[in-house]
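Remarks on the overall topology
Each chain, letter by letter, is given below.
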Amino acid sequence: DLENIPAFWVAGALFVLTAPALWLAQVLLFGFVAARAAHFVAYVTKQRHEVRATFYTIGSLIVIYMALHALWAVLA
């Protein structure tokens, strides 16, 4: 969890400060939480690495998108 949850807090806060469309914010923020929950379930049920990595990657891509969105809003 320490790999991407703190990054989510920072990127999410900056993302929200850019006043994105409500639907986009909901999809990304809830999507991250769903991906982390799915990763947790996959980890606890001892799924293969590929399954866990898929959920981890989805969460990471959401964080990256939010950070780039915030950066773009500042630079544009």
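Since the structure is predicted, the reported quantities are computational estimates derived from the model, not experimental observations. (Residues numbered from 1 in each chain as written. Predicted model: local features only at pLDDT ≥ 70, side-chain atom pairs only at ≥ 80, totals over all residues. Heavy atoms only, no water.)

Re the packing of aromatic side chains
Keep this limit in mind: Aromatic pairing here means that ring centres of Phe, Tyr or Trp (its six-membered ring) are within 6.5 Å. Orientation follows from the plane angle: under 30 degrees is stacked, over 60 is edge-to-face, and everything else is tilted. Each helix is a run of H or I in the DSSP string that is no shorter than four residues. Each strand is a run of E no shorter than two, and both are numbered from the N terminus. Relative accessible area decides the class of each residue, using a 1.4 Å probe on protein chains only: under 20% of the type maximum gives buried, over 50% gives exposed, and in between gives partly exposed.
A full pass over the atoms with the stated rule returns one aromatic pair. Seen in terms of ring centroids, Phe-8 and Phe-32 are 4.0 Å apart; in terms of plane orientation they differ by 5°. Their pairing is stacked. Of the two residues, Phe-8 sits in helix α1 (residues 5-17) while Phe-32 sits in helix α2 (residues 22-44), which places them 24 residues apart along the sequence. By the burial criterion, Phe-8 is buried, and Phe-32 matches it.

Considerations on the packing of α2 against helix α3 (residues 49-75)
Operational definition: The axes are straight lines fitted to the C-alpha atoms, using for helices just the contacting stretch, and the angles between their N-to-C directions are given from 0 to 180°. Oblique is the label for every angle not falling under 35 degrees (roughly parallel), over 145 degrees (roughly antiparallel), or within 65 to 115 degrees (roughly perpendicular). Handedness of a crossing follows from how the near helix is turned relative to the far one, being left-handed for an anticlockwise turn of less than a right angle and right-handed for a clockwise one. When checking whether two residues touch, look at their non-hydrogen atoms; a contact exists if any pair is within 4.5 Å. Residues were grouped as follows: Ala, Val, Leu, Ile, Met, Phe, Trp, Tyr, Cys and Pro as nonpolar; Asp, Glu, Lys and Arg as charged; and all remaining residues, including Gly, as polar.
Viewed as axis vectors pointing N to C, α2 and α3 meet at an angle of 155°, and their least axial separation amounts to 8 Å. Between α2 and α3, the interaxial angle falls into the category roughly antiparallel. Taken as a pair, α2 and α3 cross one another with a handedness that is left-handed. Listed contacts from α3 to Leu-24, Leu-28, Leu-29, Gly-31, Phe-32, Ala-35, Arg-36, Ala-38, His-39, Ala-42 and Tyr-43 of α2 are Val-51, Arg-52, Phe-55, Tyr-56, Ile-58, Gly-59, Ile-62, Val-63, Tyr-65, Met-66 and His-69. Residues that form the contact of α2 with α3 fall into these classes: 16 nonpolar, four polar and two charged.

Some words on a nonpolar patch on the surface
Test applied: In this analysis, a patch consists of residues with relative accessible area above 30% that form no salt bridge, clustered at 9 Å for like charges and at 5 Å for the nonpolar side chains Val, Leu, Ile, Met, Phe, Trp and Tyr. Reported accessibility uses the Shrake-Rupley method at a 1.4 Å probe radius. Residues are deemed covered only where the shown protein chains occlude them. The term salt bridge refers to a side-chain nitrogen of Lys or Arg lying within 4 Å of a carboxyl oxygen of Asp or Glu.
A grouping of Leu-61, Ile-64, Leu-68, Leu-71, Val-74 and Leu-75 is seen on the molecular surface, where their side chains present a nonpolar patch of about 630 Å² in accessible area. You can see Ile-64 is positioned in helix α3.

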